[in-house]
Every structure is written in structure tokens, then in C-alpha cells.
Amino acid sequence: MNTFSKLTLAAVGALTIIAISPTSSLAQMAYPEKCKTEMDMSKMMSDGMSGDMGMGDMMTDYQKASMEGMKSLHMNMMQGMMKKDADVAFVCGMIAHHMGAISMSEVELKYGDNEWAKKTAQKIIDAQTKEIADMTEWVEKEAK
């Protein structure tokens with residue numbers, strides 16, 4: 001298993017712990033059943049989240065574009081979350097998270113056809129671009 005796969009699995013494990021923590025607001029949320037896939041995600045994870053994740057022609061262009069964004073998101077988020085200072089780790093992780101949201105939104109704008117979803121994607125790009133700038137400015141001033 002390559003380093004990226006190990007880091008991704010570690011991140012999934014950490015997020016699972018956070019999700020079941022009774023003090024976490026995430027624990028009170030449920031991921032919608034209609035958002036879940038019938039695809040074998042364990043195979044995808046074991047393939048190291050490669051560009052097409054070993055799925056070849058089974059994935060659409062928008063799925064491939066989304067997966068490319070996810071690779072970058074996960075690596076950046078893991079790097080940020082490994083900072084020794086909790087505040088810096090949080091902000092760096094959130095920058096990566098927002099960058100991932102923007103990447104997903106750009107894929108929606110390119111491939112989507114639902115006006116509500118496209119408007120939502122543009123709102124996300126606009127809001128999170130500003131938030132990334134604010135957080136980056138904070139990191140430049142506060143991180144040692």
C-alpha cells in the first residue's frame with residue numbers, strides 16, 4: 001500500500017472517530033442514503049485513489065475530474081492537520097477543505113446541468129475563495 005493510501009486510510013479513521021464522538025455536532029448528522037454509492041469503496045481505497053482509481057472506463061469524465069480534486073484535497077488536508085499547533089492545523093486543514101469544495105464546484109459548473117446546483121456551486125466558489133484568502137492571511141501572520 002502506498003503512502004497516499006495509508007494517509008488516506010488514517011484520515012478516514014480519524015474522521016470516523018470524530019464522527020462518533022458524542023461531543024461532535026457531526027455525530028448528530030447522518031449522511032443521506034441517496035448520496036451513498038453501490039460502488040465498492042474499499043477497492044477504490046486499496047487502489048490508492050489513482051486517477052481513475054482502477055475503474056478504467058467505468059467512471060464518467062465528471063467522476064474522474066472529481067477524483068483528481070479529491071487526491072489533492074486529501075494530501076493537502078493531511079499535511080495541514082499534521083502541524084504541531086492546533087490552531088494552525090485547523091486553519092491549514094480548512095484551507096485544503098475549502099480548496100476541495102472549490103474543485104468540486106468547478107466540476108459541477110463544467111459538467112452539471114441543474115441550475116440550482118450550478119448556482120450553489122458558484123456561491124461556494126465565491127464564498128470559499130474569500131475565506132481561503134482570509135485564512136491564508138492569518139496563517140502568514142500567526143504560524144511560526
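The sections below set out a description of the structure shown in this document. Predicted model, so just to flag it, every value in this text is computed and none were measured. (Residues numbered from 1 in each chain as written. Predicted model: local features only at pLDDT ≥ 70, side-chain atom pairs only at ≥ 80, totals over all residues. Heavy atoms only, no water.)

**Some words on the packing of helix α4 (residues 86-111) against helix α5 (residues 115-142)**
- In contact at an axis separation of 8 Å, α4 and α5 are set at 155 degrees when each is read in the N-to-C sense. When the interaxial angle is binned, α4 and α5 end up roughly antiparallel. When you trace α4 past α5, the crossing you get is left-handed. (Axes fitted to C-alpha atoms, helices over the stretch in contact; angles between N-to-C directions. Helix = DSSP H or I, 4+ residues; strand = E, 2+ residues; numbered from the N terminus. Parallel < 35°, antiparallel > 145°, perpendicular 65-115°, else oblique. Left-handed = near helix turned anticlockwise from the far one by under 90°.)

**Section: α4**
- Relative to the 38 Å expected for 26 residues at 1.5 Å per residue, α4 spans 37 Å between its end C-alpha atoms, a close match to the ideal helical length.
- If you check the start of α4, you find a side-chain oxygen 2.8 Å away from the backbone N of Asp87, and it comes from Asp85. (Expected span 1.5 Å × (residues − 1). Polar contact = N/O pair within 3.5 Å; in protein donor to acceptor, adjacent residues only side chain to side chain.)

**Let's talk about the pattern of salt bridges**
- For the structure on display, the rule yields two salt bridges.
- A salt bridge links Lys130 to Asp134, with the shortest nitrogen-to-oxygen separation between them at 2.9 Å. Highlighted residues: Lys130 and Asp134, both in helix α5, separated by four residues, approximately one helical turn. (Salt bridge = Lys/Arg side-chain N within 4 Å of Asp/Glu carboxyl O.)

**Topic: the side chain of His98**
- One can find His98 in helix α4.
- Not counting the four nearest positions on each side in its chain, His98 is found in contact with Gln128, Glu131, Ile132 and Met135. (Contact = heavy atoms within 4.5 Å.)

**Considerations on α5**
- Between its terminal C-alpha atoms α5 stretches 40 Å, which fits the 40 Å expected from 28 residues at 1.5 Å a residue.
- Taken together, the buried residues of α5 touch α4.

**Things to note about the nonpolar core**
- Within the largest apolar cluster, nine residues are counted, these being Val88, Val91, Cys92, Ile95, Ile102, Ile125, Ile132, Met135 and Val139.
- Taken together, the elements giving at least two residues each to this core come down to α4 and α5.
- Per element, the largest residue contribution to this core is five residues, and it comes from α4.
- Residues in contact with Cys92, not counting those within four places in the same chain, are Gly80 and Val139. (Core = buried A, V, L, I, M, F, W, Y, C linked by side-chain atoms within 4.5 Å. Buried < 20%, exposed > 50% of the residue type's maximum accessible area, 1.4 Å probe, protein only.)

**Here we look at the environment of Asp85**
- With respect to the secondary-structure elements, Asp85 resides in the loop between α3 (61-81) and α4.
- Linking Asp85 and Ala143, residues 58 residues apart in sequence, is a C-alpha distance of 8.2 Å.
- A polar atom in the side chain of Asp85 sits 2.8 Å from the backbone nitrogen of Asp87.

**Looking at the packing of α3 against α4**
- The contact between α3 and α4 brings their axes to 8 Å, and the two run at 170 degrees. With respect to each other, α3 and α4 are oriented roughly antiparallel. Mapping the contact onto sequence places Asp61, Tyr62, Ala65, Ser66, Gly69, Leu73, Asn76, Met77, Gly80 and Met81 in α3 and Ala89, Cys92, Gly93, Ala96, His97, Gly100, Ser103, Val107 and Tyr111 in α4.
- Considering only residue class, the contact of α3 with α4 consists of ten nonpolar, eight polar and one charged. (Nonpolar A, V, L, I, M, F, W, Y, C, P; charged D, E, K, R; others polar.)

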